[in-house]
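Here is what each chain is made of, one letter per residue.
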Amino acid sequence: MPISVSSHFQGLSTAATATTTPSSAPSTQSTTTNPIYIFAYGSLINAASVRRSVSSPITSTPTPVSIAGFKRSWSFKCSRRQYTAVSISPSKSKTDSVNGVLLKLSSEADLKNLDAREQGYIRTQICMSRISQPYKSATIEPHAQVWAYVLEDCDTESGYESDSSVSSTKSHVACPKVPIPQSYVDCILAGALLEHGQQFAIDFIRSTDMWHEGTWINDRNAQDPVRRYVPNAAVGEKDLCPNVAQAIDDLLRALVPDAFSSRIDVA
């Protein structure tokens, strides 16, 4: 199912230029005139994981930012790999925000590759006024387009055709057959810790919901096909060294202790 492109979320973009394309690939015609950024809030926080999908040279360092008006949760059912991933969705709360990084793309091909990778989400444009830089300052062109892969129901009021492959993921809760895999958590938090620092990693955990609601497995030592996120050595992904794994566990134990204690070891 192709990704839909949205500019219809009320309050998220007052001057978005995208159009909804529920039955075709997202339009990228404006990428030749405006700088294009992707707001990465999950595995794409990890630079090595980005290389699974982005082949062009990355000409600028990813910028850690916070985006107001969204909430993040473990709520996306990845049907291709049968695991539960994070997603973001619009929030009406004035206090909700999520952290992530802005990835600057240099080719339309890379955007199309990311669209294919993030199948099942809706790519939507983010209003620049919602972006803040609490970690460090970097220049973001005022005429840039910032996109995020968002989880949202499709309905006629918001301009989308109903699509079960999208809307069915809205209320997904991790379960034994579609768990939260620690290997996927590791990919995100290793990128957060090693590339953007401890506070960024802490903010990720604190601004992510549904750690407690579903099945979370520790698959670090599991063999395929149980293991859900396998590092791709060809693009530079590696298994965690013991010190990084311990640092991740220490943060999770401190910040989501009940969920962490319920994590299930799999072999």
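Residues numbered from 1 in each chain as written. Predicted model: local features only at pLDDT ≥ 70, side-chain atom pairs only at ≥ 80, totals over all residues. Heavy atoms only, no water.

(A) Structural context of the overall build of the protein chain. Summing up its helical and strand segments, the protein chain has seven helices and 13 strands in all. By residue count, 53% of the 267 residues in the protein chain fall in the buried class. In the protein chain, 79% of the contacts between residues at least 6 apart in sequence involve partners at least 24 apart. (Helix = DSSP H or I, 4+ residues; strand = E, 2+ residues; numbered from the N terminus. Buried < 20%, exposed > 50% of the residue type's maximum accessible area, 1.4 Å probe, protein only. Contact = heavy atoms within 4.5 Å.)

(B) Molecular detail of the packing of aromatic side chains. Under the counting rule described, the total for this entry stands at nine aromatic pairs. Against the face of Tyr-229 rests Arg-52, its NZ or CZ located 4.6 Å from the ring centre. (Phe/Tyr/Trp six-rings, centres within 6.5 Å; stacked < 30°, edge-to-face > 60°. Lys NZ or Arg CZ within 6 Å of the ring centre and 35° of its normal.)

(C) Fine view of the side chain of His-196. Mapped onto the secondary structure, His-196 falls in helix α4 (residues 182-196). On the basis of relative accessible area, His-196 is assigned to the buried category, the value being 18%.

(D) Summary view of the sheet that holds strand β10 (residues 180-181). Strand order in the open sheet formed by three strands is β10-β12-β13, with parallel pairing between adjacent strands. The two strands at the open ends of the sheet, each matched to only one other strand, are β10 and β13 (264-265). Across two bridges, the pairing between strand β12 (residues 216-218) and β13 is parallel. What sits directly across from Ile-217, in β13, is Ile-264. (Pairing = 2+ DSSP bridges.)

(E) Summary view of the pairing of strand β5 (residues 83-90). β5 sits mainly inside the fold: seven of its eight residues count as buried. Hairpin geometry of strand β4 (residues 70-78) and β5 is characterised by an intervening segment of four residues between the two adjacent antiparallel strands and by a positive phi of about 60° at Gln-82.

(F) Structural detail: the packing of α4 against helix α5 (residues 198-206). Contact geometry for α4 and α5: axes closest at 7 Å, N-to-C directions at 150°. Compared by their axis directions, α4 and α5 come out roughly antiparallel. Within the contact between the two elements, α4 uses Ile-188, Leu-189, Ala-192, Leu-193 and His-196 and α5 uses Gln-198, Phe-200, Ala-201, Phe-204 and Ile-205. Its residues placed into classes, the contact of α4 with α5 shows eight nonpolar, two polar and no charged. (Axes fitted to C-alpha atoms, helices over the stretch in contact; angles between N-to-C directions. Parallel < 35°, antiparallel > 145°, perpendicular 65-115°, else oblique. Nonpolar A, V, L, I, M, F, W, Y, C, P; charged D, E, K, R; others polar.)

(G) Structural view of the packing of α4 against helix α6 (residues 242-255). Relative to each other, α4 and α6 sit at 100°, their axes nearing to 10 Å. As far as their axial angle goes, α6 and α4 are roughly perpendicular. Within the contact between the two elements, α4 uses Gln-182, Val-185, Asp-186, Leu-189, Ala-190, Leu-193 and Leu-194 and α6 uses Val-244, Ala-247, Ile-248, Asp-249, Leu-251 and Leu-252. In terms of residue class, the contact of α4 with α6 is made up of 10 nonpolar, one polar and two charged.

(H) Expanded view of the nonpolar core. If you look at the biggest cluster of nonpolar residues, it comprises 64 residues, and the most contacted ones within it are Phe-39, Trp-74, Trp-211, Trp-216 and Leu-252. Sort the elements by how many residues they give to this core and α4 lands first, with eight residues. In this structure, Leu-252 is in contact with Gln-182, Val-185, Leu-189, Ile-205, Trp-211, Trp-216, Pro-257 and Phe-260, ignoring residues within four places of it in sequence. (Core = buried A, V, L, I, M, F, W, Y, C linked by side-chain atoms within 4.5 Å.)

(I) Molecular detail of α4. Given a rise of 1.5 Å per residue, 15 residues ought to cover 21 Å, and the 20 Å separating the end C-alpha atoms of α4 matches this to within 8%. Most of α4 sits out of view: 13 of its 15 residues are buried. Backbone geometry just downstream of α4 places Gly-197 in the positive-phi region, at approximately 100°. (Expected span 1.5 Å × (residues − 1).)

(J) The environment of Ser-261, seen in detail. Here Ser-261 shows up in helix α7 (residues 257-261). With a relative accessible area of 58%, Ser-261 lands in the exposed category. Side-chain polar atoms of Ser-261 contact the backbone oxygen of Asp-258, separated by 2.8 Å. (Polar contact = N/O pair within 3.5 Å; in protein donor to acceptor, adjacent residues only side chain to side chain.)

(K) Region of interest: the pairing of strand β9 (residues 145-150). Burial runs high along β9: six of the six residues are buried. What you see with β9 is no split at all: Gln-145, Trp-147 and Tyr-149 on one side and Val-146, Ala-148 and Val-150 on the other are buried throughout. By the bridge criterion, three bridges tie strand β2 (residues 36-40) to β9 in an arrangement that is parallel. Bridging from a neighbouring strand, Tyr-37 pairs with Val-146 of β9. Judged from the four bridges that link them, strand β7 (residues 122-125) and β9 form a sheet pairing that is antiparallel. Residue Arg-123 lies in a different strand from β9, and its bridge partner there is Tyr-149.

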